[in-house]
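Spelled out from the first residue to the last, the chains are:
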Amino acid sequence: MEKEKKKQAQAQGDLIRLQKYIAEQGLASRRAAESLISQGLVQVNGRVVTEMGLKVDPRKDRVQVRGEMLGKKQRLRYILLNKPAGYICSVRDERGRRTVMDLLPQVQERVYPVGRLDYNTSGLLLLTNDGELTQQLLHPSHEVEKTYLAEVEGFLPRTALEKLCRGLQLSDGITAPAKARILRRKEDSSLVEICIHEGRNRQVRRMMEAIGHPVRHLKRIGEAFLDLQGLAAGEWRELRPDEVEKLKKL
């Protein structure tokens, strides 16, 4: 009887929530894995699963996502890319446009962008197959700072800068206060450094439009403690182990 209980406890210890298992395989963040499950894109032992509470045994259960079998543990990769404008932050694009994966032909593992830079925005982009780290970096509660250089239309007055620093009303709510400073002003354009910790869609562009100074060029120059030093547009490097550890402790 005691032996049987021990076996059952051990078996329970081998079980893992389905969304966590998908994330650990580097296929998606845990939140994205939950979305895949709810969309009916995940199968366990040939059966489509849509409930979140299911636990699987990685040694015995066959898990497929979009028809792809999971199970082989990939080497974890952590890549910092200086994305040029004109590339989509996606693994593939239905319209045949260039994606950031075209810049990483030597990377054999399936890595994914951590967040997004829109098609016309350049600069620092992290890519990894570490789903747990992706989830941590994207979670709003962790307030990971991202710094941008924005060349905007017009002579930007101090009053407009103060609005950015107080927070602005956008269609999806009021933004958190930004850190911003004017680096250069001309009659027809201004260069602004702006630091935010939210991850809303096209947020910096929308913020500048809201104060009447649309963006001409936008580049992300920093995320957390990382920058683009030594990387030309289109170049990338592996993060050092100490940088990865530092990201995990943010």
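See the structure above.
Attention in this report is confined to the structure presented alongside it. Keep in mind that what you see is a predicted model, and the values were worked out from it rather than measured.

## Some points on the side chain of Arg 200
One can find Arg 200 in the loop between strand 14 (189-196) and helix 6 (203-210). Among the polar contacts made by the side chain of Arg 200, one reaches the main-chain carbonyl oxygen of Gly 173 at a distance of 3.0 Å. A distance of 2.6 Å separates a polar atom in the side chain of Arg 200 from the backbone oxygen of Ile 174. The contacts of Arg 200, once residues within four sequence positions are left out, are Leu 170, Asp 172, Gly 173, Ile 174, Thr 175 and Arg 206.

## Regarding the nonpolar core
Formed by 34 residues in total, the largest nonpolar core has its most connected members in Val 100, Leu 127, Leu 164, Ile 194 and Met 207. Only strand 7 (78-83), strand 9 (122-128), strand 10 (146-153), helix 5 (158-166), strand 13 (179-185), strand 14, helix 6 and strand 15 (215-223) provide two or more residues apiece to this core. Within the second largest apolar cluster, 16 residues are counted, among which are Ile 22, Leu 36, Val 42 and Val 63.

## Things to note about the pattern of salt bridges
Counted under the stated rule, the structure contains 19 salt bridges. In this structure, the salt-bridge partner of Glu 109 is Arg 77, at a minimum N-O distance of 2.6 Å. Residue Glu 109 is found in the loop between strand 7 and strand 8 (112-113), and its partner Arg 77 is found in the loop between strand 6 (68-69) and strand 7; the two are separated by 32 residues along the sequence. Residue Arg 77 is classed as buried on the basis of its relative accessible area, which comes to 7%. For Asp 118, the salt bridge identified is with Arg 205, shortest N-O distance 3.0 Å. Here Asp 118, found in the loop between strand 8 and strand 9, pairs with Arg 205, found in helix 6; they are 87 residues apart in sequence, far enough to count as distant.

## Brief notes about the pairing of strand 14
Across the eight residues that make up strand 14, a large majority, seven, are buried. Pairing of strand 10 with strand 14, which is carried by eight bridges, proceeds in the antiparallel orientation. Across the sheet, the residue bridging to Glu 153 is Ser 189, located in strand 14. Pairing between strand 13 and strand 14: six bridges, direction antiparallel. Bridged to Ile 182 within strand 14 is Val 192.

## So, the sheet that holds strand 5 (residues 63-65)
Pairing is antiparallel in the open sheet, where four strands are placed in the order 3-2-5-6. The sheet is open, and its two borders are formed by strand 3 (47-48) and strand 6, each paired with just one other strand.

## A few points about unusual backbone geometry
If you check the backbone angles, Arg 202 has positive phi at about 50 degrees while not being a glycine. Turning to its location among the elements, Arg 202 is positioned in the loop between strand 14 and helix 6. Its relative accessible area of 36% is what places Arg 202 among the partly exposed residues. In this model, Ala 224 sits at a positive phi of 55 degrees, which is unusual for a non-glycine residue. The residue Ala 224 is located in the loop between strand 15 and strand 16 (226-227) in this model.

About the cut-offs
Residues numbered from 1 in each chain as written. Predicted model: local features only at pLDDT ≥ 70, side-chain atom pairs only at ≥ 80, totals over all residues. Heavy atoms only, no water. Helix = DSSP H or I, 4+ residues; strand = E, 2+ residues; numbered from the N terminus. Polar contact = N/O pair within 3.5 Å; in protein donor to acceptor, adjacent residues only side chain to side chain. Contact = heavy atoms within 4.5 Å. Core = buried A, V, L, I, M, F, W, Y, C linked by side-chain atoms within 4.5 Å. Buried < 20%, exposed > 50% of the residue type's maximum accessible area, 1.4 Å probe, protein only. Salt bridge = Lys/Arg side-chain N within 4 Å of Asp/Glu carboxyl O. Pairing = 2+ DSSP bridges.

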